[in-house]
Amino acid sequence: MKRAVVLIGLMGSGKTSVGRALADLLGWPWEDLDHALVRRHGRIVEQFRRVGEPAFRRRESAMLARCLKPGRVLSTGGGVVLERLNRARLKKHWTVYLQVPPPILARRLRGPQSLARPLLKGQALGPRLASLSRERGHFYRESATFSVRAGRGTALQVARRVLKRLRSFGLS
Ligand code: S3P
């Protein structure tokens, strides 16, 4: 079966920028789950405010099912692995966990970056990201075909590293 390449990991791990660069390298179409949710339902902060997180998660799961198409690169939102059915879906594709230490995530998300992310609102970034990493790390590892250390380098450099690993796993 031809598969999708899916990027998972915490907020700020580079899923969007690495996904776009990887799609260019592969010559595949690229989609971003958060962008698709914004196009359909409006801004994510607004969705959390209006319908709450559980309804957002249902929308996210439905959109994942729609976007998981073979031969495309899909960047996801950091919480996509929370739902068991989503993890089962991800395991059928080439799913790459972009692993970044929480202090680096906190540096990347300082300022306006955190305002668009309701789960970071009014929180001290360092401790919040460390606790999300503890809560979700096993879900990312469980869902992923492999992990890539993505705390250093440009998006293109990380994408090249991901591509090399994908080839070693048989992607042609
Ligand atoms: C979330 C991550 C966000 C977005 C939403 C919830 C999470 O996406 O889906 O704010 O639960 O980690 P990014 O990982 O692209 O920031």
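You'll find the structure just up there.
This write-up is about the structure you can find in this document. (Residues numbered from 1 in each chain as written. Predicted model: local features only at pLDDT ≥ 70, side-chain atom pairs only at ≥ 80, totals over all residues. Heavy atoms only, no water.)

## Digging into the sheet that holds strand E2 (residues 30-32)
Then step 1. Taken in spatial order, the five strands of this open sheet run E2-E3-E1-E4-E5, and their pairing is parallel. In the strand order of this sheet, the two ends are held by E2 and strand E5 (146-149), each with one partner. Sheet twist, expressed as the average angle between the axes of neighbouring strands with direction ignored, equals 25°.
Then step 2. Direction of pairing for strand E4 (residues 94-99) relative to E5: parallel, over a ladder of four bridges. Looking at the pairing, Leu98 lines up with Val148 of E5. (Pairing = 2+ DSSP bridges. Helix = DSSP H or I, 4+ residues; strand = E, 2+ residues; numbered from the N terminus. Axes fitted to C-alpha atoms, helices over the stretch in contact; angles between N-to-C directions.)

## Quick look at the packing of helix H5 (residues 102-109) against helix H7 (residues 125-143)
Then step 1. H7 packs onto H5 with a crossing angle of 130° between their chain directions and a minimal axis gap of 8 Å. Considered as vectors, H5 and H7 are oriented oblique to each other. The two elements H5 and H7 cross, and the hand of that crossing is right-handed. Where H5 approaches H7, its residues Pro102, Leu105, Ala106 and Leu109 are matched on the opposing element by Leu125, Gly126, Leu129, Ala130 and Ser133.
Then step 2. Here the residues of the contact of H5 with H7 are counted per class, giving seven nonpolar, two polar and no charged. (Parallel < 35°, antiparallel > 145°, perpendicular 65-115°, else oblique. Left-handed = near helix turned anticlockwise from the far one by under 90°. Contact = heavy atoms within 4.5 Å. Nonpolar A, V, L, I, M, F, W, Y, C, P; charged D, E, K, R; others polar.)

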